[in-house]
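# Geometric and topological summary
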Amino acid sequence: MDRIQGMQIFIRVAETGSFVRAAETLSLPASTVTTSIKNLERYLQVRLLNRTTRRVSLTPEGLQYLGQCREILALIEHTEASLADSNRHPRGRLRVDMPAGIAHFIVMPNLKAFYSRYPDIYLMIGVSDRQVDLVQEGVDCVIRTGELTDSTLVARPLGRFRWLTCASPDYLRIFGVPDTPEALSQHRAIHYFSGSGRRTNELRFARGSEAFSVPIKGDVAVNETGLYIRLCLEGFGLAQLAENVILENLQQGKLVEVLADWRPPSVPVTMLYPHQRYLSPAVRVFADWVAGLLI
């Protein structure tokens, strides 16, 4: 019996509360997970898990063993990383989750450069703006924009997005160029909705210490950055976007910044990952790489 693999499988079953879910996140057959746990319990001569038709829970012995397994595996990973010089040559699977705008317009255009530096990292990129349960879903780290609400995770600042208000040249020819936020009553915006609680029909502005929102009419609302940009390019209205995300469109004249003296407040970009004694070298270099793209 491979006891190291048995510990890894046991930890994932304990974290997800499900043999099937553990198998999915480990990319293993469910039968392999079930057999591994049975062999582990037989070897230890103790019951680690209580099974029901709906959920798996830890026995007192299982809870004690879980903490010890985490310590053992963290020490093994740290030792191997030191011996293999993995800080310079990190390897292994790295599952990350990030908003669509960052994935499509920042990470993807530079992904070949990442692999030229770190060819032994296998990236699994999830794209969403929703709250991800890192433990339950087997995610190593997430990238999020905006102010954070979850204090149970380690937060590493990656940089800030400088936001601006923009529109297509065709839109500006029809509606004119607004020179103050008050002029927006004669304009239209593409509305963006998400789970953040922000009102969809507002554009945000700041000047010095003054920050405020302006309601503005619109014909369409979306919740995906790529579609938001496409509608702006097609002339459906004003949009507020991170400069990093639309830099190429600005340089090519496909989008034009307006109200430059009233830019929206900048937005922090943060990487989140669970508390652990030894941070994976793959997570560390990926965070450094993304931070470099946001400078």
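Refer to the structure above for everything that follows.
To start, this report covers the structure provided alongside it.

Cut-offs applied
Residues numbered from 1 in each chain as written. Predicted model: local features only at pLDDT ≥ 70, side-chain atom pairs only at ≥ 80, totals over all residues. Heavy atoms only, no water. Helix = DSSP H or I, 4+ residues; strand = E, 2+ residues; numbered from the N terminus. Buried < 20%, exposed > 50% of the residue type's maximum accessible area, 1.4 Å probe, protein only. Contact = heavy atoms within 4.5 Å. Axes fitted to C-alpha atoms, helices over the stretch in contact; angles between N-to-C directions. Parallel < 35°, antiparallel > 145°, perpendicular 65-115°, else oblique. Left-handed = near helix turned anticlockwise from the far one by under 90°. Pairing = 2+ DSSP bridges. Core = buried A, V, L, I, M, F, W, Y, C linked by side-chain atoms within 4.5 Å. Expected span 1.5 Å × (residues − 1). Arc of directions from axis to C-beta. Salt bridge = Lys/Arg side-chain N within 4 Å of Asp/Glu carboxyl O. Phe/Tyr/Trp six-rings, centres within 6.5 Å; stacked < 30°, edge-to-face > 60°. Lys NZ or Arg CZ within 6 Å of the ring centre and 35° of its normal.

Take the overall build of the protein chain next. Helix and strand content of the protein chain: eleven helices and 14 strands. Structurally, the protein chain occupies a C-alpha span of about 75 × 45 × 35 Å along its principal axes. Classification of the 295 residues of the protein chain by burial places 42% in the buried group. When contacts within the protein chain are restricted to residue pairs at least 6 apart in sequence, those whose partners lie at least 24 apart make up 74%.

As a further point, take the packing of helix α9 (residues 225–233) against helix α10 (residues 243–251). Running from amino to carboxyl end, α9 crosses α10 at an angle of 30°, the nearest separation of the two axes being 12 Å. Here α9 is positioned roughly parallel relative to α10, judged by the angle of their axes. With respect to the hand of their crossing, α9 and α10 are arranged in right-handed fashion. Contacts between α9 and α10 involve T225, I229 and L233 on the former and, on the latter, V245, I246 and N249.

Turning our eyes to something else, we now look at the side chain of N249. By secondary structure assignment, the location of N249 is in helix α10. You can call N249 buried: its relative accessible area is 14%. If near-sequence neighbours (up to four positions away) are discounted, N249 is found in contact with I229, L233, K254 and L255.

If you walk across this open sheet you meet the five strands as β4-β3-β5-β14-β6, and the pairing is mixed. Taken across any chain shown, the strands that pair with only one partner, and hence form the sheet edges, are β4 (121–127) and β6 (154–161). Ignoring which end each strand starts from, the neighbouring axes of this sheet average 20° apart. Direction of pairing for strand β3 (residues 92–98) relative to β4: parallel, over a ladder of seven bridges. In the sheet register, L94 faces β4, and the bridge partner there is L123. Packed on one face of the sheet, helix α11 (residues 281–293) meets β3, β4, β5 (141–145), β6 and β14 (267–273) and runs near 20° to β6.

Looking at where P265 falls in the secondary structure, it is placed in the loop between β13 (256–258) and β14. Judged by relative accessible area, which is 32%, P265 ranks as partly exposed. With 17 residues separating them in the primary sequence, P265 and E248 have C-alpha atoms 21 Å apart. Beyond its immediate stretch of four places on either side in the chain, P265 contacts W163, R204, F205 and A206.

Among the nonpolar cores identified, the biggest contains 45 residues, and L94, I143, L158, F161, M271 and F286 are the most heavily contacted of them. Considering every element that reaches this core, the biggest residue donor is α11, with eight residues. Residues contacting I143, with those up to four places away along its chain left out, are D97, M98, P99, I102, L158, V269, T270, M271, F286 and V290. Of all hydrophobic cores here, the second largest spans 19 residues; its members include M7, A14, A23 and I37.

This part covers helix α3 (residues 30–44). Given a rise of 1.5 Å per residue, 15 residues ought to cover 21 Å, and the 21 Å separating the end C-alpha atoms of α3 matches this to within 8%. Turning to α3, its buried residues number three or more, namely V33, S36, I37, L40 and E41. Taken around the axis of α3, the buried residues stretch over an arc of 130°, which confines them to a single face. Directly after α3, the chain includes Q45, whose backbone phi takes a positive value near 60°.

Overall, the coordinates contain twelve salt bridges when judged by the stated rule. With a closest N to O distance of 2.9 Å, E41 and R51 form a salt bridge. Separated by ten residues along the polypeptide, E41 in helix α3 and R51 in strand β1 (residues 49–51) bring together distant segments of the chain. Taking the relative accessible area as the measure of exposure, E41 reaches 12% and is therefore buried. Salt-bridge contacts for D120 lead to R91; the nearest nitrogen and oxygen are separated by 3.7 Å. Taken together, the residues span a long stretch of sequence, with D120 in the loop between α6 (111–117) and β4 and R91 in the loop between α4 (60–83) and β3 at a distance of 29 residues. D120 sits in the partly exposed class, given a relative accessible area of 38%. The exposed category is assigned to R91, whose relative accessible area is 52%.

Once that is clear, we can look at the packing of aromatic side chains. Enumeration according to the criterion identifies ten aromatic pairs in this entry. Here the aromatic rings of Y171 and F175 are separated by 4.5 Å at their centres, their planes lie at 20°, and the arrangement is stacked. With Y171 and F175 both in helix α8 (residues 169–175) and four residues apart, this pair spans about one turn of that helix. Residue Y171 is classed as buried on the basis of its relative accessible area of 1%. Cluster of aromatic residues (ring-pair linked, three or more members): F114, Y115, Y118, F286 and W289. In this structure, R204 is placed above the aromatic ring of W163, and the distance from its NZ or CZ to the ring centre is 5.5 Å.

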